[in-house]
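# Report on the structure
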Amino acid sequence: FNKLWGHENVDLLQTPNILPQTKIEPPKVSLGQDFLDAANCSPDIFRCTITKIPESNSLLQKSRLPFGILIHPFKDLEHLPVIQCSTIVRCRACRTYINPFVFFVDAKRWKCNLCYRLNELPEEFQYDPVSKTYGDPSRRPEIKSSTIEYIAPSEYMLRPPQPAVYLFLIDVSKAAVDSGYLQTLCTVLASNLSSLPGDARTQIGVLAYNSALHFYSLADGLNQPHEMTVLDIDDVFLPCPDNLLVNLSERKELILDLLTQLPNRFKNSYDSHSALGAALQAAHKLIGPTGGRVTVFQAALPNKGPGALSPREDPNKRSAADVQHLNPANDFYKRLALECSGQQIAVDLFIINSQYIDLATISGISRFSGGSIYHFPLFNVSRLVDNEKFERCLKRYLTRKIGFEAVMRIRCTRGLTIHTFHGNFFVRSTDLLSLPNVNPDAGFGMQIAIEESLSELQTVCFQAALLYTSSKGERRIRVHTLCIPVASTLTDIINSADQQCIVGLLSKMAVDRSLQSSLSDAREAFLNVAIDVLASYRLSLNVDNNSSGLLAPNCLKLLPLYISALLKHPAFRTGTATRLDDRIKAMCDMKSLPLYLLIQQIYPDLYPVHNLEEQEVTKNQEGEEVPQPLRLQLSARSLDSKGAYLMDQGDSMILYIGPSISIDFLASIFGVSDYNAISDEICELPLWDNPRSQRLNMFINYLNDEKPFPVVLQVIKDNSPNRHLFIERLLEDRVENALSYHEFLQHLKTQVK
Ligand SMILES: [Zn+2]
């Protein structure tokens, strides 16, 4: 009977190979009507932890499932309907944008699907310019697609659209100079200046800092940039009113000149101080009038002037169960972020550190201003993989789309309320997020509560509206609408669970728990979710209490696997030495990565790649055949010493080569005849004129196509010094102080009553 309804279950203890070998598709939201299903929002953009909404809070509580949505609102899209109209049709009561899930009472009136108010349709909406007839409003793009972008009329602007403004804050302390990142930064920035999003109004500025602030005047007529050093950093002022921020196209030569000089300018400086706080205050003064984007490159602990910090981490306690100093040491960076947010300034951090930098404190500047955080731990320019990672990430950052002066509002059907937001932003009012910048790589999460009974409803809807200024100075509104049916039985609710979305939301909740309470509480909460969900499922099945086995519904069969992986993740693990900054960065990622990248960080994809010629193929966008190896569990038992394995971790890939790999493979992939001749210092595979090399390169490119940019591939041999990077991700195996997946299940079994 259960099979008939697609409600199969799995005895986890009897199923060691639980991971599907092919891509895990998100569960489908079924509205039961084909045309509405087709119009629903893509799960790549908008996803709910359950694909059927419980009709009451008590039913939700019984299911023990977390309820929330994840959204990737500014994702790069290939097809986006953009419309320009004189009136944007919105509900007069709750301001919801007209969408595919509204009800048409007749050709002139529509009923809002969020608050149920009856609204008039404007004439314009009823008229079809193609057939030159009135009537059928359902042909409109607003009704056909749940993702749409409007070019906003003037009432959506508080002031004329701001130009694109970019300010680069560059740490030039001794630690920064020693890491060698300056040369790479200046080279990549110089070669991408013309690709920065913007138009003829784009402005740019550069500010360097160590124990002092170094401003650069780029005035018209100068034959080279004029440096002005401000030594008094306790009361920051700008050394001149103009020409610190200049028009990019008019002063391009001067900027290029500056980027050429900078790496050498501080080469012989032994200044070990870094006045980040003062530099940020100066940035705030400098671009406050317009707003824009501040990009910080920070290599040392800020140890001078306002916002100065002292080292807090005890390196001897990196593997302790009780982790200290997860919270900020002071509120300087958070307070400054809120001031920046008020003036439409977002601050992004590139952390290039070799020592403790107190990311827990300085990350506040990005978290509360809608910024992004990138981390290059132990960076040294002489290591090819380090340098290549930094270069590629920076190039994507500089060239990707950007929205300025943005706000995002999430509306939901009456009876539902959003109670907690996750991501980088400032919450301006209960459902309005202030985003001084919005970028296409940022994800957000929201926890939702059921406040009133939904039993009268067939469906509920969520609508996200993102209002922003494009880099071309246009005010635009991107709207996404997700519709989900309501259900009334526990079995229905449990079987509608979206396990990946649940894991995404749980990981955000666990970060909050770690900061507000403790890491051990967060770890315990993960465990309790697994226990509660399986116990409530057992209850819903009415199975005999004495029966053996650990049953999970098919839709939640990976939840224990993901949770056991999360307990070993750098964000939440104990027992393994983890640098505090690395842990904080992992937590920042949990809060702000889009779901597909987050899942790959939690449980990477592992593929055998030594026998690609034997695999099924699929066609890529160019119509070429790409091999599709079946995915492997993350365990040493998946590996063979004669094999080669590709691990896709989302933001990087590892190619692990077994010690007994065939000579043929070495020759055709690396062009060498000896295992030890494979270099540890390559970050991209060579492409040779043979089928094996072409197939492997094709597969790697195919995986890269899904990502925001092609990531670095690190080759690891069994005797490589960095072999542990691969081995520690075999997450199902037992390691010191952490259970294997099987032991974890056995522990769950004793707890699920
Ligand atoms: Zn309404």
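Definitions and cut-offs
Residues numbered from 1 in each chain as written. Predicted model: local features only at pLDDT ≥ 70, side-chain atom pairs only at ≥ 80, totals over all residues. Heavy atoms only, no water. Helix = DSSP H or I, 4+ residues; strand = E, 2+ residues; numbered from the N terminus. Contact = heavy atoms within 4.5 Å. Areas by Shrake-Rupley, 256 points an atom, 1.4 Å probe, with all protein chains shown as cover. Lys, Arg positive; Asp, Glu negative; His and termini not counted. Charge placed at Lys NZ, Arg CZ, Asp CG, Glu CD. Pairing = 2+ DSSP bridges. Axes fitted to C-alpha atoms, helices over the stretch in contact; angles between N-to-C directions. Donors = N, O, S within 2.8 Å, 3.2 Å for Na, K, Ca; no water. Tetrahedral: all angles 85-135°; square planar, octahedral: opposite > 155°, others 65-115°. Buried < 20%, exposed > 50% of the residue type's maximum accessible area, 1.4 Å probe, protein only. Patch = residues over 30% accessible without salt bridge, like charges linked within 9 Å, V, L, I, M, F, W, Y side chains within 5 Å. Salt bridge = Lys/Arg side-chain N within 4 Å of Asp/Glu carboxyl O. Expected span 1.5 Å × (residues − 1).

### Notes on the overall build of the protein
Regarding its fold elements, the protein presents 22 helices and 33 strands. A principal-axis box enclosing the C-alpha atoms of the protein has dimensions of 80 × 75 × 55 Å. Sequence-distant contacts, at least 24 apart, represent 75% of the contacts inside the protein between residues at least 6 apart. When the accessible surface of the protein is summed, it comes to about 30,900 Å², and 49% of that surface belongs to carbon and sulfur atoms. Treating the 74 positive side-chain charges of the protein as one cloud and the 82 negative ones as another, the clouds have centres 4 Å apart.

### Observations concerning the sheet that holds strand S21 (residues 416-422)
Reading across the sheet, the 4 strands line up as S2-S4-S24-S21 and stay open at both edges, with antiparallel pairing between neighbours. Of all the strands in the sheet, the pair left with one neighbour each is strand S2 (46-48) and S21. Strand-to-strand twist across the sheet, computed as the mean angle between neighbouring axes with direction ignored, equals 25°. Pairing of strand S4 (residues 68-71) with strand S24 (residues 444-450), which is carried by 4 bridges, proceeds in the antiparallel orientation. By the bridge assignment, isoleucine 69 is partnered in S24 with methionine 446.

### Quick word on the coordination of the zinc ion
Protein coordination of the zinc ion is provided by Cys91 (SG), Cys94 (SG), Cys112 (SG) and Cys115 (SG), with donor distances spanning 2.2 to 2.4 Å. Of note is the zinc ion, whose 4 donor atoms meet at the metal with angles of 101 to 116° in an arrangement that counts as tetrahedral. Looking at cysteine 94, the relative accessible area reads 23%, which means it is partly exposed. For cysteine 112, a relative accessible area of 0% translates into the label buried.

### Considering a negative patch on the surface
A cluster of acidic side chains, namely Asp44, Glu622, Glu624, Asp705 and Glu706, defines a negative patch on the protein surface. Relative to the helices and strands, aspartate 44 resides in the loop between helix H1 (34-39) and S2.

### Considering the pairing of strand S13 (residues 203-209)
Among the 7 residues that make up S13, 6 are buried, leaving the element largely enclosed by the rest of the structure. With 7 bridges connecting them, strand S12 (residues 165-171) and S13 associate as parallel partners. In the sheet register, valine 165 faces S13, and the bridge partner there is glutamine 203. With 2 bridges joining them, S13 and strand S16 (residues 246-247) adopt antiparallel strand pairing. Opposite isoleucine 204, over in S16, you have valine 246 as the bridge partner.

### Some details on helix H8 (residues 276-287)
When the terminal C-alpha atoms of H8 are compared, their 16 Å separation across 12 residues agrees well with the 16 Å that a helix rising 1.5 Å per residue should span. Looking at H8, one finds that the buried residues are Leu276, Gly277, Ala278, Ala279, Leu280, Ala282, Ala283, His284, Leu286 and Ile287.

### Thoughts on the side chain of serine 56
Inspection of the secondary structure assignment puts serine 56 in the loop between strand S3 (53-54) and helix H2 (57-63). Given the relative accessible area of 19%, serine 56 is considered buried.

### Considering the sheet that holds strand S32 (residues 653-657)
Ordered by their spatial adjacency, 4 strands build an open sheet running S28-S31-S32-S33, and the pairing between neighbours is mixed. Edge positions in the open sheet fall to strand S28 (605-608) and strand S33 (713-717), since each of these has one partner strand only. Averaged over all adjacent pairs, the angle separating strand axes in this sheet is 20°, with direction ignored. Bridge analysis of strand S31 (residues 644-648) against S32 gives 5 bridges, and the strand direction is antiparallel. For leucine 646, the partnering residue across the bridge sits in S32 and is leucine 655.

### Comments concerning the pattern of salt bridges
Counted by the stated rule, this structure contains 32 salt bridges. Close ionic contact of aspartate 178 with lysine 174 constitutes a salt bridge, the shortest N to O distance being 2.8 Å. Here aspartate 178 and its partner lysine 174 are both found in helix H5 (residues 174-179), 4 residues apart, which amounts to about one turn of the helix. You can call lysine 174 partly exposed: its relative accessible area is 29%. Between aspartate 431 and arginine 409 there is a salt bridge whose closest N-O contact spans 2.9 Å. With a gap of 22 residues between them, aspartate 431 in the loop between strand S22 (426-429) and strand S23 (432-438) and arginine 409 in strand S20 (residues 403-412) connect regions that are remote in the sequence. Its relative accessible area of 27% is what places arginine 409 among the partly exposed residues. Via salt bridges that share partners, Asp76, Arg396, Arg400, Lys401 and Asp441 belong to a single interconnected network.

### Details of unusual backbone geometry
The phi torsion at arginine 95 lies on the positive side, around 70°, for a residue other than glycine. Mapped onto the secondary structure, arginine 95 falls in the loop between strand S5 (82-84) and strand S6 (103-106). Its relative accessible area of 38% is what places arginine 95 among the partly exposed residues. Non-glycine residue tyrosine 116 carries a positive phi angle of around 70°. Within the secondary structure, tyrosine 116 is located in the loop between strand S7 (109-111) and strand S8 (118-120).

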